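Observations on the model geometry
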Amino acid sequence: MSEFVIFDTSVIVDQIRNNRHLDRLLNVDGLIRSSSVVLAELWRGVSSRVDRKTVEALERNPPTLTPTASNWLESGQLLGKMRADNGFEPHKLRDLHFDVLIALTARTHGARLITSNRDDFELIRGYREFRLEVW
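Close contact between helix α3 (residues 36-45) and helix α4 (residues 49-59) brings their axes to 9 Å; oriented N to C, the two are set at 165°. Classified by the angle between their axes, α3 and α4 sit roughly antiparallel to one another. Between α3 and α4 lies a crossing of left-handed hand. Contacts between α3 and α4 pair L39, L42, W43 and G45 from the former with D51, R52, V55, E56, L58 and E59 from the latter. The residue inventory of the contact of α3 with α4, partitioned by class, reads five nonpolar, one polar and four charged.

Laid out in structure tokens, this is it:
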């Protein structure tokens, strides 16, 4: 059975804005699954008809993987540990929260998470292991 692949918001935004990952996207090895958290982040940033059509198309690629109740609770625990370890301000923790949820969802499903946001996801991986690929 092929592995699941989840694209982080950063990869999709890079592709929409500057076609940065087209060759890699067309040749990715694995079953692509959407993340409800990524879709929510994309909807938050929709500013054009093309953006809207792109997000609508991504929504039609079922199944969409969603954080479990355990993922939500664990995300709060991890963010609390990150705050204690790194002295992060509330705005940084808010910025990280969705990324933590995306990572935990990928981990729960044994999926490989592909991102272009190396710093935040490597930080998260220092607290909880998951399969990460950086583009």
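Okay, back to it.
Phi is positive for N19, which is not a glycine, with a value near 55°. Under the relative-accessibility criterion, N19 is labelled partly exposed at 45%.

Moving on: the pattern of salt bridges. Pairing is possible between side chains that carry opposite charge, provided their charged atoms lie close to one another. For the coordinates displayed, the defined rule picks out ten salt bridges. Measuring nitrogen to oxygen at the nearest pair gives 2.3 Å for the salt bridge that ties E3 to R131. Of this pair, E3 sits in the segment before β1 (4-7) while R131 sits in strand β5 (residues 131-134), and the two are 128 residues apart along the sequence. The exposure class of E3 is partly exposed, given its relative accessible area of 22%. Here E122 and R118 are joined by a salt bridge, their closest N and O atoms 3.1 Å apart. Taken together, the residues span about one helical turn, with E122 and R118 both in helix α7 (residues 118-125) at a distance of four residues. A relative accessible area of 35% places E122 in the partly exposed class. For R118, a relative accessible area of 42% gives the class partly exposed.

The subject of this paragraph is the packing of aromatic side chains. Per the counting criterion, the structure on display carries two aromatic pairs. For the pair F121 and F130, a centre-to-centre distance of 6.4 Å together with 75° between the ring planes defines the contact as edge-to-face. Side by side, F121 and F130 carry an identical accessibility label, which is buried. The ring of F88 is capped by K92, whose NZ or CZ atom sits 5.9 Å from the centre of that ring.

The rules behind the values
Residues numbered from 1 in each chain as written. Predicted model: local features only at pLDDT ≥ 70, side-chain atom pairs only at ≥ 80, totals over all residues. Heavy atoms only, no water. Axes fitted to C-alpha atoms, helices over the stretch in contact; angles between N-to-C directions. Helix = DSSP H or I, 4+ residues; strand = E, 2+ residues; numbered from the N terminus. Parallel < 35°, antiparallel > 145°, perpendicular 65-115°, else oblique. Left-handed = near helix turned anticlockwise from the far one by under 90°. Contact = heavy atoms within 4.5 Å. Nonpolar A, V, L, I, M, F, W, Y, C, P; charged D, E, K, R; others polar. Buried < 20%, exposed > 50% of the residue type's maximum accessible area, 1.4 Å probe, protein only. Salt bridge = Lys/Arg side-chain N within 4 Å of Asp/Glu carboxyl O. Phe/Tyr/Trp six-rings, centres within 6.5 Å; stacked < 30°, edge-to-face > 60°. Lys NZ or Arg CZ within 6 Å of the ring centre and 35° of its normal.

Interpretation in functional terms is not warranted from these geometric data alone.
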